[in-house]
Every structure is written in structure tokens, then in C-alpha cells.
Amino acid sequence: MLTLSQRHHVGHDILLARHGSAITSMRLDRANGRVVAQLADGSHDTAPNHIDPQLAIPAFITGSDTMDRQLLAYVIIGLVTLMVTVYAASMAYLSTLDAGQLGFLVDSMTNYPAN
């Protein structure tokens, strides 16, 4: 099993993402700023050990987090719309009942027979 040193380098992450458990050993090439991995088939692969300072980091949340929030908002809006529709339909139905029918409905909902 591959174990990494206490200090973790960027190149390690890149190589682990590329090859995973096929890596048998890794070493740091300080002269070239790279991490070298020996693979199970005997070949070697390298990865840079730095992050480009010119890399633009986004100033706002993008990607799946925004999409998750949009989906949650659509689901909430849909459920609220459904609840309002069901409430309005039940109020419309209850408004069509006369006093006798409404009394029977209330009585049947509050008085359960003891079995």
C-alpha cells in the first residue's frame, strides 16, 4: 500500500487522480518541480508540483452548488404551489356544503366509534 510523507504535494493529487492504486512509489524531483510516480507496469509518469499563479479563481459560487440551489428553489416553489392549490380546492368544496352536510362532516371527523 502506498503511503505518503507528512508533507503532501500538489503533484501527488494529480498522479493519484490519474492512476490511483496502480502507483507503486512516488518521489519528489525538486530540481524540476515535479512529482514522479512509478506505476505497477514499470512505466513512469510525472506531474507538476505547483499551481499556476496565473490561474483565475472565480469570485462567486458557480457550478453544481448553484445548480443545486436552483433545483431546491424550483422544488420548493412547486410544493408551495401544490399546497395552495389543494387548500383552495378544499375550501371551494367546503363552501358548497349546506349546514347539515357540514355538521355531519365535522361530527364524523371528531367522533370515532370505540371498538
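Everything quoted here is computed from the prediction, not taken from an experiment.

### Examining the overall build of the protein chain
So, step 1. Along the backbone of the protein chain there are three helices and three strands.
So, step 2. Along its sequence from the N terminus, the protein chain presents helices and strands in the succession α-β-β-β-α-α.
So, step 3. Burial status across the protein chain gives 12% buried among its 115 residues.
So, step 4. Of all intrachain contacts in the protein chain linking residues separated by at least 6 positions in sequence, the fraction that spans at least 24 positions is 24%.
So, step 5. As displayed, the protein chain has an accessible area near 9,400 Å², and 63% of this comes from carbon and sulfur atoms.

### Comments concerning the nonpolar core
So, step 1. Ranked by size, the top nonpolar core spans seven residues in total: Leu15, Ile23, Met26, Val35, Ala37, Leu39 and Ala47.
So, step 2. Sorting the residues of this core by element identifies strand S1 (23–29) and strand S2 (34–39) as the ones contributing at least two each.

### Description of the pattern of salt bridges
So, step 1. Under the criterion given, the structure shown has one salt bridge.
So, step 2. With a shortest N-O distance of 3.0 Å, Asp45 and Arg18 are connected by a salt bridge. Taken together, the residues span a long stretch of sequence, with Asp45 in strand S3 (residues 44–48) and Arg18 in helix H1 (residues 10–19) at a distance of 27 residues.

### Quick word on a nonpolar patch on the surface
So, step 1. Nonpolar side chains collect at one region of the surface, where Tyr87, Met91, Tyr93, Leu94, Leu102 and Val106 lie side by side and expose about 570 Å² of accessible area between them.
So, step 2. The set of elements that each furnish at least two residues to the nonpolar patch consists of helix H2 (64–95) and helix H3 (99–110).
So, step 3. Considering each element in turn, the nonpolar patch owes the most residues, four residues, to H2.
So, step 4. Here Leu102 is to be found in helix H3.

### Describing the confidence of the model for the protein chain
Low pLDDT means the predicted coordinates in that region are not meant to be read closely.
So, step 1. In the predicted model, the protein chain carries a mean pLDDT of 85, and 85% of its residues have values of at least 70.
So, step 2. Looking over the protein chain, one finds the lowest element-wise mean pLDDT in H1, namely 87, and the highest in H2, namely 93.

### Concerning the side chain of Asp29
So, step 1. The residue Asp29 is located in strand S1 in this model.
So, step 2. Among buried charged residues, Asp29 stands out as having no salt bridge; its nearest opposite-charge side chain is Arg27, 4.9 Å away.
So, step 3. Setting aside anything within four residues of it in sequence, one finds Asp29 in contact with Arg34 and Val36.

### Digging into the sheet that holds S1
So, step 1. As summarised here, the arrangement of the three strands in space is S1-S2-S3, forming an open sheet in which the pairing is antiparallel. Two strands in the sheet have a free side with no partner beyond their single neighbour: S1 and S3. Here the strands of the sheet are splayed against their neighbours by 25° on average, with no regard to which way each runs.
So, step 2. As paired elements, S1 and S2 share six bridges and run antiparallel to each other. For Asp29, the partnering residue across the bridge sits in S2 and is Arg34.
So, step 3. Its contacts with the sheet put H1 on S1, S2 and S3, and the angle it makes with S3 is roughly 135°.

Conventions and cut-offs
- Residues numbered from 1 in each chain as written.
- Predicted model: local features only at pLDDT ≥ 70, side-chain atom pairs only at ≥ 80, totals over all residues.
- Heavy atoms only, no water.
- Helix = DSSP H or I, 4+ residues; strand = E, 2+ residues; numbered from the N terminus.
- Buried < 20%, exposed > 50% of the residue type's maximum accessible area, 1.4 Å probe, protein only.
- Contact = heavy atoms within 4.5 Å.
- Areas by Shrake-Rupley, 256 points an atom, 1.4 Å probe, with all protein chains shown as cover.
- Core = buried A, V, L, I, M, F, W, Y, C linked by side-chain atoms within 4.5 Å.
- Salt bridge = Lys/Arg side-chain N within 4 Å of Asp/Glu carboxyl O.
- Patch = residues over 30% accessible without salt bridge, like charges linked within 9 Å, V, L, I, M, F, W, Y side chains within 5 Å.
- pLDDT = per-residue confidence, 0-100.
- Lys, Arg positive; Asp, Glu negative; His and termini not counted.
- Pairing = 2+ DSSP bridges.
- Axes fitted to C-alpha atoms, helices over the stretch in contact; angles between N-to-C directions.

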